[in-house]
Amino acid sequence: MTGDTRSRAVGIDLGGTNIKGGLVDRDGHVAVKKSIPTEAAGGAGHVIDRIAGVVADLLDEGGTAPDDVAGVCVGSPGPLDADRGIIFEAPNLGWRDVPLADELTSRLDFPVWLENDANAAAFGEAWVGAGKGRECVILLTLGTGIGGGIVIGGRLWRGVNGTGAELGHMTIDYDGPICGCGSRGCIEAFAAAPALVRRMRLAIDDGADSSLAGAFRAGEEVDAKRIYEAAVAGDATARREMEQTGRFLGIAVASYVNIFNPNCVVLHGGMVDAGDMLLGPLVDEMAGRCFESSRRGLQVLRSALRGEAGMVGAAGCAFAAAEGSA
Ligand SMILES: [Zn+2]
């Protein structure tokens, strides 16, 4: 510990649609937050200018002097190199090999760090969210893909090359569907939102009765949220596929529990809004597949920070990096 006393840090959650930024204090409270469209079509330089603008606005609105800011951390989709601050590939942004940290540092007066977005969310939940005060927190982000983060003793486990914690790419079926990572049968290929939509479409094609049959046949865009809403409204096919998604997740979570014996597994992302329809089957499936001793006291929790997890977590990562304990 360096005894850094600067009271605030800026966390940025960089997404393909929005840039969310927060000025955060050492207790994890968000003093000021701001969200603007990313405008990714404008190119990397334009987006980085916009991030710098968000940082300036946050300090201005928060009445915070630059010398009271420990630094800025950007949580970004990857793959990326957090040590060198380079985003190798961000399909949502159309970026390849963007030296984000250097580019942003040249526009700001603070140190800038880069972090994988799921890692940032995991850090946030372990710091001040659902996993606060716990020794070992595992986080899964459920969305278009499945991201993962592992926090042990208040520190992220990034792996030797910084590419660890890819919990979405645990194989649950050696002969399963091709995954976006190039492998086959990853949990992401079974339980991310597009997989749920795909299974729902297949069930309807096979003749299953569903309130969404007309929408699928008309070629409408049906997303996971719509399937969940149909399930809540009594659509038995939609409910069955939601529950199946939970069971698939339970298979993967059982392995995380056997490997890490964590205090808690935190689920984050839009699909988590499905609540017990997803969590119930997940916990049942997990319980049958992992050691009783490893799941004793284990909690499977929904994100407490929700849409702010990435932003708050990134700020926490900035404090940790400034202390030299990232
Ligand atoms: Zn994969």
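Before reading further, recall that the structure is shown in the block above.
Now for a quick tour of the structure. (Residues numbered from 1 in each chain as written. Predicted model: local features only at pLDDT ≥ 70, side-chain atom pairs only at ≥ 80, totals over all residues. Heavy atoms only, no water.)

**Thoughts on the coordination of the zinc ion**
Basically, it comes down to this: A donor here means any N, O or S atom no more than 2.8 Å from the metal (3.2 Å for Na, K and Ca); water is not included, so a site may seem to lack partners. For four-coordinate sites, all angles between 85 and 135 degrees define a tetrahedron; for four- and six-coordinate sites, opposite donors beyond 155 degrees with the remaining angles between 65 and 115 define square planar and octahedral shapes respectively, and all other cases count as irregular. Exposure is judged per residue with a 1.4 Å probe applied to protein chains only, and the accessible area is read against the type maximum: over 50% gives exposed, under 20% gives buried, and values in between give partly exposed.
Every protein donor of the zinc ion is accounted for by His169 (ND1), Cys179 (SG), Cys181 (SG) and Cys186 (SG), and the metal-donor separations fall at 2.0 to 2.3 Å. Geometry at the zinc ion is tetrahedral, judged from its four donor atoms and the angles of 105 to 121° they form at the metal. For the zinc ion, the donor residues sit on a single chain with the sequence spacing H-x9-C-x1-C-x4-C. With relative accessibility at 44%, the residue Cys181 sits in the partly exposed group.

**Some points on the sheet that holds strand β11 (residues 155–156)**
To keep it simple, the criterion reads: We treat two strands as partners when DSSP finds at least two bridges between them. In this text, helices come from DSSP runs of H or I with a minimum length of four residues, and strands from runs of E with a minimum of two, each type numbered from the N-terminal end. Contact definition: two residues touch when any of their heavy atoms are within 4.5 Å. Here the axes come from fitting lines to C-alpha atoms, over the contacting stretch only for helices, and the angles between their N-to-C directions go from 0 to 180 degrees.
The five strands are arranged β11-β10-β9-β12-β13 in an open sheet whose pairing can be described as mixed. A strand with exactly one partner marks an edge of an open sheet, and here the two such strands are β11 and β13 (299–302). Each of β9 (136–142), β10 (146–152), β11 and β12 (264–268) is contacted by helix α3 (residues 117–128), which is oriented at about 45° to β10, the strand it contacts most. Each of β9, β12 and β13 touches helix α9 (residues 276–287); the most contacted strand, β13, lies at about 160° to it.

**A look at the nonpolar core**
Rules: Joining through side-chain atoms within 4.5 Å is the link that ties buried Ala, Val, Leu, Ile, Met, Phe, Trp, Tyr and Cys residues into a set, and such a set is a nonpolar core.
Counting 49 residues, the largest nonpolar core has Leu140, Ile187, Ile227 and Leu249 as its most contacted members. Among the elements that make up this core, the one with the highest residue count is helix α8 (residues 236–260) (10 residues). Ile19, Val74, Leu104 and Leu108 belong to the second largest nonpolar core, which has 32 residues in total.

Geometric descriptors of this kind do not, in isolation, establish any biological role.
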